[in-house]
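A closer look at the structure
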Amino acid sequence: MTNIEKVRDFIFKQFQTQMDIPFRNIGIEHTLQVVSYAIMLSKKRNINSEEAMIAAYFHDISTYLTHYSHNHATRSYEFANEHLPKITNLSNEQILRITQAIKNHSTKQIIHDDLSELLKDADVLAHYYAGTILDDIEKTRLENI
């Protein structure tokens, strides 16, 4: 199995622990949308698509496991940092890039590294196409994608 397949399977097993089925379905749908936009943006921006997809799979996992979105980027970062070394054969440098992107994805008003910016943009695109109300920062980011 590839790292992406291992991560996908792991994340979907995590979603299965969520007993609130409508909330689980929202989480799966949003995650898959962000993964799809991450693939597209990684090709357009010449960024490692494996890292982009893995970051997208993990980016909101803490929200969907706990029903609690406060500080979810940091909590998802911690979750990914704990589990990625166990389920993948990614290098420490790759894990660091991926987890930093996860940690940075909610601070859309600050510019970070390329992978972080890709994840932020994929998240904004998913919000936009799902009809989620965007704040001014996300609207500006959307205009610049």
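Reading the values: the criteria
- Residue positions are given per chain, counted from 1 along the sequence in the order it is written.
- Whole-chain, interface and lining totals are the exception, using all residues; otherwise, since this is a predicted model, local features are given only for residues with pLDDT of at least 70 and side-chain atom pairs are given and counted only at 80 or more.
- Each side-chain value is derived from all of the structure's non-hydrogen atoms; neither hydrogens nor water enter the calculation.
- By the criteria applied, helices consist of DSSP H or I runs no shorter than four residues and strands consist of E runs no shorter than two, each listed in order from the N terminus.
- For every residue, the accessible area (1.4 Å probe, protein chains only) is compared with the maximum for its type, and the residue is labelled buried under 20%, exposed over 50%, or partly exposed between those bounds.
- Surface accessibility in these figures is a Shrake-Rupley result with a 1.4 Å probe; residues are shielded only by whichever protein chains are displayed.
- His is not counted, nor are the chain ends, whereas Lys and Arg count as positive and Asp and Glu as negative.
- Note on charges: their place is set at NZ of Lys, CZ of Arg, CG of Asp or CD of Glu.
- Working rule for helices: expected span equals 1.5 Å times residues minus one.
- Contacts are residue-level and defined by heavy atoms, with any inter-residue pair within 4.5 Å sufficient.
- In this analysis, axes come from line fits to C-alpha atoms, helices being fitted only over the stretch in contact, and the angle between any two N-to-C directions falls in the range 0 to 180 degrees.
- An angle below 35 degrees is read as roughly parallel, one above 145 as roughly antiparallel, one from 65 to 115 as roughly perpendicular, and any other as oblique.
- Residues are grouped as follows: nonpolar covers Ala, Val, Leu, Ile, Met, Phe, Trp, Tyr, Cys and Pro; charged covers Asp, Glu, Lys and Arg; every other residue, Gly included, is treated as polar.
- Only one rule defines a salt bridge in this text: a Lys or Arg side-chain nitrogen within 4 Å of an Asp or Glu carboxyl oxygen.

1. A closer look at the overall build of the protein chain
A tally of helices and strands in the protein chain yields eight helices and zero strands. With respect to the principal axes defined by its C-alpha atoms, the protein chain has extents near 40 × 35 × 25 Å. Taking all 145 residues of the protein chain together, the buried fraction comes to 49%. Accessible surface, the protein chain as shown: approximately 7600 Å² in total, 52% of it carbon and sulfur. Across the protein chain, the centroid of the 15 positively charged side chains sits 3 Å from that of the 19 negatively charged ones.

2. Quick notes on helix α2 (residues 21-45)
In this model, α2 (25 residues) spans 35 Å end to end at C-alpha, consistent with the 36 Å of a helix rising 1.5 Å per residue. Contact partners of the buried residues in α2: α1 (3-16), α3 (49-58), α4 (61-66) and α7 (114-129). Just downstream of α2, asparagine 46 is the residue with a positive phi angle, here 55°.

3. Digging into the packing of α1 against α3
At a minimum axis distance of 10 Å, the contact between α1 and α3 shows a crossing angle of 5°. Judged by the angle between their axes, α1 and α3 are roughly parallel. Facing α1, whose interface residues are Asn3, Ile4, Val7, Arg8, Phe10, Ile11 and Phe12, α3 presents Glu50, Met53, Ile54, Tyr57 and Phe58. By residue class, the composition of the contact of α1 with α3 is nine nonpolar, one polar and two charged.

4. Here we look at the pattern of salt bridges
Applying the stated criterion across every chain, the model contains nine salt bridges. Arginine 8 serves as the salt-bridge partner of aspartate 9, at 3.1 Å between the closest nitrogen and oxygen. Judged by its relative accessible area of 27%, aspartate 9 falls in the partly exposed class. When the shortest N-O distance is used, the salt bridge between glutamate 82 and lysine 86 registers 3.6 Å. Here the residue glutamate 82 and the residue lysine 86 both occupy positions in helix α5 (residues 72-87), the gap between them amounting to four residues, near one helical turn.

The values are spatial; any link to function lies outside them.
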